[in-house]
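# Structural overview for review
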2 protein chains.
Amino acid sequence: MIARLSSLFVRTLRDDPADAEVPSHRWLVRAGYIRRVAPGIYSWLPLGLKVLQKVEAIVREEMDAIGAQEVHLPALLPREPYEATNRWTDYGDNLFRLVDRKGTDMLLGPTHEEMFTLLVKDLYNSYKDLPLSLYQIQTKYRDEARPRAGLLRGREFVMKDSYSFDVDDAGLDASYQAHRGAYVRIFERLGLDYVIVSAMAGAMGGSRSEEFLAVAANGEDTFVRSAGGYAANVEAVRTAAPEPLPVADAPAMATVATPGVGSIAGVVDLLNSEHARPEGWGGADTLKNVLFMVTEPSGESYPLALGLPGDREVDAKRLEAALEPSVAQPFSAEDFEKYPDLKVGFISPVSLDGTRVLGEESATGIRYLTDPRVVEGTHWVTGANVVDEHLSGVTVGRDFTADGVLDVAEVREGDPAPDGSGPMTLARGIEMGHIFQLGRRYAEAMGLKVLDQNGKLVTVTMGSYGVGVSRAVAAVAEATADDKGLSWPVTLAPYQVQVLATGKDPSIFEEAERIASELSAKGLDVLVDDRKASPGVKFADAEIMGMPVTVVVGRGLADGVVEIRNRATGERNEVALAQAVRAVEELVGAKRS
Amino acid sequence: MIARLSSLFVRTLRDDPADAEVPSHRWLVRAGYIRRVAPGIYSWLPLGLKVLQKVEAIVREEMDAIGAQEVHLPALLPREPYEATNRWTDYGDNLFRLVDRKGTDMLLGPTHEEMFTLLVKDLYNSYKDLPLSLYQIQTKYRDEARPRAGLLRGREFVMKDSYSFDVDDAGLDASYQAHRGAYVRIFERLGLDYVIVSAMAGAMGGSRSEEFLAVAANGEDTFVRSAGGYAANVEAVRTAAPEPLPVADAPAMATVATPGVGSIAGVVDLLNSEHARPEGWGGADTLKNVLFMVTEPSGESYPLALGLPGDREVDAKRLEAALEPSVAQPFSAEDFEKYPDLKVGFISPVSLDGTRVLGEESATGIRYLTDPRVVEGTHWVTGANVVDEHLSGVTVGRDFTADGVLDVAEVREGDPAPDGSGPMTLARGIEMGHIFQLGRRYAEAMGLKVLDQNGKLVTVTMGSYGVGVSRAVAAVAEATADDKGLSWPVTLAPYQVQVLATGKDPSIFEEAERIASELSAKGLDVLVDDRKASPGVKFADAEIMGMPVTVVVGRGLADGVVEIRNRATGERNEVALAQAVRAVEELVGAKRS
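Labelled according to an unreviewed UniProt entry, chain A appears under the name Proline--tRNA ligase, originating from Tessaracoccus rhinocerotis. Here chain A is described in UniProt, under the heading Subcellular location (unreviewed entry), as follows: "Cytoplasm". Quoted verbatim from the Sequence similarities (unreviewed entry) heading of the UniProt record, the comment on chain A is "Belongs to the class-II aminoacyl-tRNA synthetase family. ProS type 1 subfamily."

## Structural notes on unusual backbone geometry
Looking along the chain, the bond that leaves A:Glu324 and enters A:Pro325 is cis, with omega of 5 degrees. Assignment of secondary structure puts A:Pro325 in the loop between α8 (316-323) and β17 (327-330). One non-glycine residue with positive phi stands out, namely A:Ala149, at about 60 degrees. As for its placement among the helices and strands, A:Ala149 is situated in the loop between β8 (132-141) and β9 (156-166). You can call A:Ala149 buried: its relative accessible area is 2%. The phi dihedral of B:Asp388 is positive, around 70 degrees, even though this residue is not glycine. By the secondary structure assignment, B:Asp388 is in the loop between β19 (379-386) and β20 (389-395). Residue B:Asp388 is classed as partly exposed on the basis of its relative accessible area of 29%.

## Some thoughts on the packing of helix α2 (residues 46-65) of chain B against helix α6 (residues 169-189) of chain B
Residue and element names in this part refer to chain B. Running from amino to carboxyl end, α2 crosses α6 at an angle of 150 degrees, the nearest separation of the two axes being 9 Å. Classified by the angle their axes make, α2 and α6 are roughly antiparallel. Along this stretch, α2 crosses α6, giving a crossing that reads as right-handed. Counting all contacts with α2, which are made through Ile-58, Val-59, Glu-61, Glu-62 and Met-63, the residues of α6 involved are His-179, Ala-182, Tyr-183, Arg-185, Ile-186 and Arg-189.

## Details of the relation of the copies chain A and chain B
Relative to chain B, chain A is turned by 180 degrees and slid 0.1 Å along the rotation axis, the superposed coordinates differing by an RMSD of 0.1 Å. The transformation relating the two chain copies, once decomposed into turn and shift, fits a two-fold axis. The C-alpha atom lying nearest the rotation axis in chain A is that of A:Leu98; the distance is 2.6 Å. Most of the interface of chain A is mirrored in chain B, where 100% of its interface residues again form contacts.

## Some thoughts on the interface of chain A and chain B
In this assembly, 52 residues from chain A lie in contact with 52 residues from chain B. Counting the surface lost from both chain A and chain B, the interface buries some 4,500 Å², and carbon and sulfur atoms represent 59% of this. In this assembly, chain A and chain B are joined by eight salt bridges. Between A:Asp93 and B:Arg101 there is a salt bridge, with the nearest N and O atoms lying 4.0 Å from each other. The tally of links from chain A across to chain B stands at 26 residue pairs in polar contact (both at pLDDT 80 or more). Looking at the side of chain A that touches chain B element by element, the count peaks at five residues for helix α5 (residues 113-123) of chain A. Of the residues belonging to the side of chain A that touches chain B, the class tally is 31 nonpolar, six polar and 15 charged.

## Thoughts on the domain arrangement of chain A
The assigned domain composition of chain A is domain 1 (14-237 + 425-478), domain 2 (247-405) and domain 3 (497-592). The C-alpha centroid of domain 3 of chain A is placed 68 Å from the C-alpha centroid of domain 2 of chain A.

Parameters at a glance
- Residues numbered from 1 in each chain as written.
- Chains lettered and ligands numbered in written order.
- Predicted model: local features only at pLDDT ≥ 70, side-chain atom pairs only at ≥ 80, totals over all residues.
- Heavy atoms only, no water.
- UniProt positions renumbered as here; feature names shortened; annotations may be inferred.
- Helix = DSSP H or I, 4+ residues; strand = E, 2+ residues; numbered from the N terminus.
- Buried < 20%, exposed > 50% of the residue type's maximum accessible area, 1.4 Å probe, protein only.
- Axes fitted to C-alpha atoms, helices over the stretch in contact; angles between N-to-C directions.
- Parallel < 35°, antiparallel > 145°, perpendicular 65-115°, else oblique.
- Left-handed = near helix turned anticlockwise from the far one by under 90°.
- Contact = heavy atoms within 4.5 Å.
- Least-squares fit on C-alpha atoms with pLDDT ≥ 70 in both.
- Buried area = accessible area lost by both parts, 1.4 Å probe.
- Salt bridge = Lys/Arg side-chain N within 4 Å of Asp/Glu carboxyl O.
- Polar contact = N/O pair within 3.5 Å; in protein donor to acceptor, adjacent residues only side chain to side chain.
- Nonpolar A, V, L, I, M, F, W, Y, C, P; charged D, E, K, R; others polar.
- Domains from an automatic or database assignment.

Spelled out as structure tokens, the structure:
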């Protein structure tokens, strides 16, 4: 196939778009692959659409290869099924809702668990019909609070979503593993440097869940990995809890006067000064108590206190993931006013006489959760719930017991992996795929049951699997673009070869066309720059547009040579005219393998 | 490619869906091609999606062949561009509107003229960039008042829409003709019996417009054609106006007493009775005056009177098309109360003393339009605007002059074609494609101008072209289904061949699989019915699902024969096992050509 820049619907831009924060966004817009229509909503121009269609083809092939069957569900959906699973409410503002002319509530599908569950319920009724995996490649909608980075976080985007249906857990495991294998092949074919990390199921519910992250400095997701093979999304990292200590070994609780020191940093400074170090200090860490107001999707709120080591901050994303679909805000001054018993800067789970101040059984009744490191027998310096006073020797299991654990403290480079596989390093990535073992949550909500071998109705167990198809275009661009523009792998490039006619002599244009048709006859897709433009413009545009191989037909033609450029490496070679087509074929072939 | 019914996600239904009015809807649902999710909103199951994708491929090939370039715009769109062309309002309840989390008005795109105009404006600025044709195959949304007939009139549907951009009228003509040619090839490849008819531009605006209708007894559209080659959508039929007559030849106006006769039929009866025939009657026709209240998209209303021959009714669709985007309702009793001068049953444009009763210059001030047949010099019997009285000899150009023409009377079989090509016949069709010469309306509204050869800014002229892609699946089904089920042409069938293993002997299943793989190796797509089901179930399902060729491997196997069935003709042939694959290939080949 041959296309020509004189007629191709594309324009490169000299300047970065104002809102471009990351290379993929900048170059996809500047190279004329996509155009912004509204926040998080883009048009695909011919070059961009070709890349998108190539990604779709790879995804389709690999899904077909595991026996998943392609279907296509609507994007405009009725409210009722999402009501049955609470997601009509739980999605909050992320859901695009609308009302049709008859006053019926509808939504734009953010993901289709409910609809697939109903569809299978509509058609199937026996264990003999299972296992079943269905998929679709479809436009999805989420009203993101902060759409950003072009295609990386959009409000209208293309996803492959699939759903597996099995009669038992072993079947779900097999379906999950089949999808995992397909995803490995997809991301390898896309040429992405990716990791598979443990993930939180979040609003999806369900048990096991892993994410495929493309490693990327500008990725929105942070993940950890250890040399020993542990890898997890930072939201999913489980902090290793130390062994409990004998409570009897703990020092007695004692008051420490901390006049005017209402911050943990101040307390640490004070305690570290020999002079003020209280009895029973013994090197204990400080315990910081933080208060949140948690709002449920229904709009109801409740207060929540979290006790965590004083040197750790709460990680906002880990907190969000842990409480989803509820949302937490730090206590405001007004919130504190409602609880006059809490002395800001000196909050404590306990007072000197052992009275509980936080916790469901306490005077305030505020639910009190602690970091996994706050185990029985550990003792801490914490507030005294009296202005200008702290307590030392506050011992877990003796002076207070928390209502539960909340593992949302920041994860640090060097923290131990929870599986004992060594210290963890932190890196960033782009979420490209997510696989979930949903279990029976959706099947139960929608009543999807089949008859088992004994003629008994059993609830089906499901998996849900997603690939960000439009996001993959950006992720590959992000991984391959350099400071001159895009640089596609041959598998995804809109055209494998760009032939530049640089010069004014008609023979140059004729020769460029001749080479292009020969390359096209060999099965390559070729873009000819046949514009009346300067060589400088053509070179710069070729680098921005990023086809893997460029053939320059110009001044060298008089000497019977053309130049072949390798976009990714920058390598340039002069090749005799007669060898040009073969040399391009070889270069494309070498890049393919 | 081979698929097996034991695992294919499909179930045939014994009963018609409750809302099925037409064969395509009934059979696409019963054969497991589509499933209803909400009114006018369907899911595509594997078999249906394959047909849809084949239609898409044909459309894509033919659009590419005329040099149109594929892009993909969002379905979720901002309000502003549609505001600039008034379509935000003009679309009325047909537009799905929504508000995002920031309170911004958005819509689901029903068609994309505005967005394409803006996109071209964003990239192009010179006559050298034109001509340009862009297309997309995309999901569209219209909140139809009465979604019906399955895919034929849906609220979420797939369309190919394209847009041409030219610097002058000759260019637009060429782009229009190129699209027209592509559409002819598309509908021929789809195997549809279609007609190209003149059409109304409707809410799209613009000048020339034609529709491609698939001839279908259940079609929603009525069209006319003459033996001499005239063809038009019934909304677009222009009534042939007779030559004016000399006013001087008309009889004098006279009163006719018509006590208690307040209907045209009654007046005709009365006038036809020798006894009552008034002076000056001379065989004149009756003129019926009908009143409407017209509501504009803004919500404002005005009264409108229409005078038409008494033997014709107003055609609701022609009236709707003529007034779009405004909507007309017959005068209600309350409307009449506001105009006490109008005597119901005896309404007249004029009174005996020549005073105008209807018309902008009249006492009532009501705009008065007449049918094209009401030309100067014709005289009519009409109301006297006095209860129980009519007037005869009421002559156009002498006794009254209308404010204009409104051509919305019913069209009848046998009416003369407006181009003199003979009497017209009426038939029904499904609108499959629509091509418009939009002209400069959208380019003007959005400010799309380019520099012409003289360096002067000129407004671009546009065309807009649509194909109903999902509707085409239904139209082909509608044209080919019979009383046993679907019956696909080989070009669109999900599988060209269905191999039935009918019997219990394992050798039957083995032989069916062997034939299927041989056929697949020959490049055919094969569906094997390998279920443990009775021959009766398999035969019935094969007929419902409608693959063009069926191979029955069953009892004949003992004698070394299989049966080959031609779904469309019902023909059955026993063929020696060794000849089976070749015979199927030949039959598929014969059907293809």
